[in-house]
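Inside the fold
As a plain string of letters, each chain reads:
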Amino acid sequence: MADRTTSSITIGADRSTIMAVIADFPAYPEWAGQVKAVEVQETGEDGRASRVRFVLDAGVISDDYVLAYDWDDDAAVGWHIAETGKMVSGLTGSYRLTDVGSGTEVTYELAVDLKVPMIGMIKRKAEKVIIDTALKGLKRRVEGR
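Grouped together as the largest cluster of nonpolar side chains are 39 residues, with contacts concentrated most on Ile22, Tyr95 and Leu138. Discounting chain neighbours no more than four positions away, the residues touching Ile22 are Tyr28, Trp71, Val77, Tyr95, Leu97 and Leu138.

This is the structure we're talking about:
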């Protein structure tokens, strides 16, 4: 899982406001285009989800899998696959939030491994679509509050 896709966007809000939206998994189907359903299975001592089941439909990548989350207050959150799906065999990613001027830069990093063979360029394009859609959706969701 060495190849990762990364992209950033600046959102006009503070880190805690943005992280609250990121941590609100049940609302993902409302703003994260490819996410069709979400179920929080476990929460950590901080009250944030530590294990979440997703149903994803991102065109080439459609699946049902579980991710485990590690939170670093409002600075970052990382995740990795806890239960693979039919297509997804590996998935790691993170959101990193950095204060910039009057807003926050959000950097999303993602690496997906599939059980079915896929040309690297096509896989990275799918990752890029997932990331760009998520970042734009997150920006709309946060700034529209």
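Back to the write-up after that little detour.
In this structure, Thr104 sits in strand E7 (residues 103-114). In this structure the side chain of Thr104 is engaged in a polar contact, spanning 2.6 Å, whose partner is the backbone oxygen of Ala13. The residues touching Thr104, leaving out its near neighbours within four places in the chain, are Ile9, Thr10, Ile11, Ala13, Asp14, Arg15, Ile18, Leu97, Thr98 and Asp99.

Here Gly103 is to be found in strand E7. Looking at Gly103, the relative accessible area reads 10%, which means it is buried. Note: C-alpha distance between Gly103 and Gly137 (34 residues apart in sequence) is 16 Å.

What counts, and where the lines are drawn
- Each chain carries its own residue numbering, running from 1 in the direction its sequence is written.
- Under the rules for a predicted model, residues below a pLDDT of 70 receive no local features and side-chain atom pairs below 80 are neither given nor counted, while totals for whole chains, interfaces and linings still include all residues.
- Remark: hydrogens and water are excluded; side-chain values derive from all non-hydrogen atoms of the structure.
- Side-chain atoms within 4.5 Å are what join buried Ala, Val, Leu, Ile, Met, Phe, Trp, Tyr and Cys residues into a set we call a nonpolar core.
- The rule is simple: take the accessible area with a 1.4 Å probe, protein chains only, and divide by the maximum for that residue type; under 20% is buried, over 50% is exposed, in between is partly exposed.
- Residue contacts follow a heavy-atom distance rule, with two residues in contact if any of their heavy atoms lie within 4.5 Å.
- By the criteria applied, helices consist of DSSP H or I runs no shorter than four residues and strands consist of E runs no shorter than two, each listed in order from the N terminus.
- In protein, a polar contact means a hydrogen-donor-capable atom and an acceptor-capable atom, both N or O and within 3.5 Å, with residues adjacent in sequence counting only if both atoms are side-chain atoms; elsewhere, any N or O pair within 3.5 Å suffices.

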